[in-house]
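So the chains spell out like this:
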Amino acid sequence: MQRLTDTGRGAIVLPMDDAYAAMRTGTNWMNARGQNGTFYITPGLMNDVSTIKIVDQDLIDFHNAGHEIAAHSKTHANMSLITAAERTVEYDYPKTYLENLIGAGTVTTWAYPFGTGSSGRNLACDQQLYLGYDRWLDMAMTTNSVVYPRYSDTPPLLINRLAWSATNQAQILTLVRKAATSAVVVPILFHNLDTAVNPTRANVLEMLDLAVALGVPLITTQEAFPASRSLLNPGFENGLDGVDPTGRHAITAANGKCSVVTDTPAPEYQGTKALELSTTDNAGYAYIRQQVQFLPGRQDTFSGQCKAVSVSNAGNLIADKAFVRIQSLDYGQAVIAGLDVKMTPALGKDIGAGWKKFTLDFTAGQSTKTVNVDVGLQATVGGAVIRFDHLWFEPKYLGDLG
Ligand SMILES: [Zn+2]
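Keep in mind that this is a model prediction, so the values were computed, not measured.

**Here we look at the domain arrangement of the protein chain**
Here's step 1: For the protein chain, the assigned domains read domain 1 (11–224) and domain 2 (249–398).
Here's step 2: The C-alpha-based centres of domain 1 and domain 2 are spaced at 36 Å.
Here's step 3: In this assembly, 13 residues from domain 1 lie in contact with 13 residues from domain 2.
Here's step 4: In total, about 1200 Å² of surface goes out of reach between domain 1 and domain 2, with carbon and sulfur atoms giving 59% of it.
Here's step 5: Our count for the contact surface shared by domain 1 and domain 2 stands at 0 salt bridges.
Here's step 6: In this assembly, domain 1 and domain 2 are joined by 5 residue pairs in polar contact (both at pLDDT 80 or more).
Here's step 7: Of all elements in the fold, only α3 (84–102) and α4 (123–129) reach the threshold of two or more residues within the side of domain 1 that touches domain 2.
Here's step 8: Here the side of domain 1 that touches domain 2 takes 4 residues from α3, the largest share from any one element.
Here's step 9: Here the side of domain 1 that touches domain 2 is composed, by residue class, of 6 nonpolar, 5 polar and 2 charged.

**Thoughts on the coordination of the zinc ion**
Here's step 1: For the zinc ion, every protein donor is listed as Asp18 (OD), His72 (NE2) and His76 (NE2), and the spread of their distances is 2.0 to 2.2 Å.
Here's step 2: As a motif over one chain, the donors of the zinc ion read D-x53-H-x3-H. Within this pair, whereas Asp18 is found in strand β2 (residues 15–18), its partner His72 is found in the loop between β4 (68–71) and α3, the two being separated by 54 residues in sequence.

**Focus: the sheet that holds strand β20 (residues 384–395)**
Here's step 1: Spatial ordering of the open sheet is given by β12-β13-β20-β15-β18, a layout of 5 strands whose pairing is antiparallel. Strands at the two margins of the open sheet, each flanked by one partner only, are β12 (256–262) and β18 (356–363). The mean inter-strand angle of the sheet, taken between neighbouring strand axes irrespective of direction, is 30°.
Here's step 2: In terms of strand pairing, strand β15 (residues 299–311) meets β18 through 8 bridges, oriented antiparallel. Pairing of Gly304 across the sheet is with Phe358, part of β18.

**Quick word on the sheet that holds strand β17 (residues 341–343)**
Here's step 1: One open sheet holds the 5 strands; their spatial order is β11-β14-β19-β16-β17, and the pairing between them is antiparallel. Two strands bound the open sheet, and with one partner strand each, they are β11 (249–252) and β17. Between one strand axis and the next, the sheet turns through 20° on average, direction left out of account.

**Brief notes about the packing of aromatic side chains**
Here's step 1: Tallied over the entire structure, the rule returns 15 aromatic pairs.
Here's step 2: Between Tyr91 and Trp110, the aromatic rings sit 4.9 Å apart at their centres with planes inclined by 75°, giving edge-to-face as the arrangement. Here the residue Tyr91 occupies a position in helix α3, and Trp110 occupies one in strand β5 (residues 109–111), the gap between them amounting to 19 residues.
Here's step 3: A relative accessible area of 0% places Tyr91 in the buried class.
Here's step 4: Taken together, a centroid distance of 5.9 Å and an interplanar angle of 25° make the contact between Tyr93 and Tyr97 stacked. Of this pair, Tyr93 and Tyr97 both sit in helix α3, 4 residues apart, which is roughly one turn of that helix.
Here's step 5: Since its relative accessible area comes to 33%, Tyr93 is described here as partly exposed.
Here's step 6: Feature note: the residues Phe294, Phe302, Phe358, Phe362, Phe388 and Phe393 constitute an aromatic cluster, connected by ring pairs.
Here's step 7: Stacked on the ring of Tyr40, the Lys or Arg Arg161 has its end atom at 4.9 Å from the ring centre.

**Topic: helix α5 (residues 169–181)**
Owing to its 3.6 residues per turn, the α-helix brings residues three or four apart onto one side.
Here's step 1: Here α5 spans 19 Å end to end across 13 residues, near enough to the 18 Å set by a 1.5 Å rise per residue.
Here's step 2: When α5 is considered as a whole, its buried residues turn out to be Gln169, Ile172, Leu173, Leu175, Val176, Ala179 and Ala180. Down the axis of α5, the smallest arc covering the buried residues is 155°, so these residues share one side. For α5, the exposed residues lying more than 90 degrees away from the buried face are Ala170 and Thr181.
Here's step 3: Residues of α5 that are buried in the fold lie against β1 (11–13), β8 (158–163), β9 (184–189) and α6 (201–214).

**Brief notes about the confidence of the model for the protein chain**
Segments scoring low in pLDDT should not have their predicted coordinates read at a detailed level.
Here's step 1: Across the protein chain, pLDDT averages 89, with 95% of residues at or above 70.
Here's step 2: Below pLDDT 50 for its whole length, residues 1–5 participates in 12 contacts with residues either more than four positions away or in separate chains.
Here's step 3: The model gives residues 242–246 a pLDDT under 50, and that stretch makes 7 contacts with residues more than four places away or in other chains.

**Considering the packing of helix α2 (residues 56–64) against α3**
Think of two packed helices as two axes; the pair is described by the angle between the axes and how far apart they sit.
Here's step 1: Contact pair α2 / α3: the axes reach a minimum separation of 9 Å and the direction vectors enclose 65°. Judged on the interaxial angle alone, α3 and α2 are roughly perpendicular. The two elements α2 and α3 meet at a crossing, and its hand is right-handed. Residues Asp56, Leu59, Ile60 and His63 of α2 form the contact with α3, whose participating residues are Tyr97, Leu98, Leu101 and Ile102.
Here's step 2: Of the residues belonging to the contact of α2 with α3, the class tally is 6 nonpolar, 1 polar and 1 charged.

**Here we look at the packing of α5 against α6**
Here's step 1: Close contact between α5 and α6 brings their axes to 10 Å; oriented N to C, the two are set at 15°. In terms of their interaxial angle, α5 and α6 are classed as roughly parallel. Once α5 is placed against α6, the crossing between them reads as right-handed. Here α5 contributes Gln169, Ile172, Leu173, Val176, Arg177 and Ala180 to the contact with α6, which in turn contributes Asn203, Glu206, Met207, Leu210, Ala211 and Leu214.
Here's step 2: Split into classes, the residues belonging to the contact of α5 with α6 amount to 8 nonpolar, 2 polar and 2 charged.

Rules of the game
- Residue numbers restart at each chain and count upward from 1, following the sequence in its written direction.
- Only residues with pLDDT of at least 70 are given local features in this predicted model, and only at 80 or more are side-chain atom pairs given and counted; all residues enter the totals for whole chains, interfaces and linings.
- Side-chain calculation: all heavy atoms of the structure are included, whereas hydrogens and water are not.
- Residue ranges for the domains trace back to a domain assignment, done automatically or taken from a database.
- A contact between two residues is defined here by any heavy atoms of the two lying within 4.5 Å.
- Buried area is understood as the total, over both parts, of accessible area removed when two parts are fitted together, assessed with a 1.4 Å probe.
- Salt bridges are defined by distance alone: a side-chain nitrogen of Lys or Arg within 4 Å of a carboxyl oxygen of Asp or Glu.
- Each polar contact in these results corresponds to two N or O atoms within 3.5 Å; when the atoms are within protein, one needs to be able to donate a hydrogen and the other to accept it, and residues that are neighboring in sequence are counted only if both atoms are side-chain atoms.
- Numbered from the N terminus, helices here are DSSP runs of H or I no shorter than four residues, and strands are runs of E no shorter than two.
- Gly is placed with the polar residues, together with every amino acid not listed as nonpolar (Ala, Val, Leu, Ile, Met, Phe, Trp, Tyr, Cys and Pro) or charged (Asp, Glu, Lys and Arg).
- Donors, by definition, are the N, O and S atoms found within 2.8 Å of a metal, the threshold being 3.2 Å for Na, K and Ca, and water is not counted, so a site can look incomplete.
- When DSSP finds two or more bridges between a pair of strands, those strands are recorded as paired.
- Lines fitted to C-alpha atoms define the axes here, with helix axes fitted over just the stretch in contact, and angles between the N-to-C directions of these axes take values from 0 to 180 degrees.
- Each Phe, Tyr or Trp ring (for Trp, its six-membered ring) is paired with any other whose centre lies within 6.5 Å, and the angle between the two planes then decides the class: stacked below 30 degrees, edge-to-face above 60, tilted in between.
- Partly exposed residues are those whose accessible area sits between 20% and 50% of the maximum for their type, while under 20% is buried and over 50% is exposed, using a 1.4 Å probe and protein chains only.
- Geometrically, a lysine NZ or arginine CZ counts as sitting over a ring once it is within 6 Å of the ring centre and also within 35 degrees of the ring normal.
- Here a helix's expected span is defined as the number of its residues, less one, multiplied by 1.5 Å.
- Each direction from the helix axis to a C-beta atom contributes to the arc, which is the arc of those directions.
- How sure the predictor is of each residue is captured by pLDDT, a score from 0 to 100.
- For this classification, under 35 degrees means roughly parallel, over 145 means roughly antiparallel, 65 to 115 means roughly perpendicular, and everything else is oblique.
- The sense of a crossing depends on the near helix, which, turned anticlockwise from the far helix by less than a right angle, makes the crossing left-handed and, turned clockwise, makes it right-handed.

Shown next as structure tokens:
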């Protein structure tokens, strides 16, 4: 199959949701035109021959043809109306099921069933989801734009998409034409063909052919919206990977230690690991630093979970020894005086009640080029052991999921 090459212009992201056999038709049409789509799969809706749904082999075929396979819950539940434990199953099952068919690490995108417009998503849903998938999709409400910059330093984590039906065909074609003349990416979706609230076959063929004629590629969701978390490994699931492109390091004194242990702030959170920092006396310190490229003036929220495990001198720890910190660095890598933001204590005033959430807002200066993002423990009289997990450092408009 011939691949469309990057033209530097716009693109369309065309997902199909649930498990309809129309996915086979859509795949054949896209394959014939060198286009790629994304299939958001609800395993609980598959394999029903009485209503003609896709089967496992279809997904293997779609994947082998270059299309993306993504997750759309286990049973098509309304995620905001079920318990956190029930959500865990809805989040985890499709990834496990689908990766068992097409390979570990391939399923990195999630689409909410129903979405915000049908009360199918809220902040608690996102917070529980965010370490499990690299991007998640919502349905666009009437006031939301679905036109995104195709090339961005901070691709969105939550992405709106426009539902396609026979009644908005003209709008769909207009968006394809827009993608032909500007570097935007437009996510569209449909479920089935020639049924209510879906496009007709003729609608879909008209759009696919227009895209080919104008040189607008159809690309996968993964390709359109690269994984864009600012922090690498923010749940410490991959250990203390010390050397990586983001400049992550563990920094310790002789009597301080960084390690990764089995713990989680909440059983329904994604992942099972946490960072542990320990010191044995008031000369010790231990902290984790990541450096993040930054745009001047950008405003971010840094948050996460912190817990005291053992403390010899609680007042000392509460005073200022457990900390989270953001430092601004200029183009020459020098720390810019006066722009540090430090929260002490990260644990709050009551260290005895398990995991605590911290939240810190940060606004970069006009010459900020890079920031150091630190979580740490320093110089505690008598020593201490604390843990961090579920870190979040993203533009403030994306909310606070730590
Ligand atoms: Zn659906």
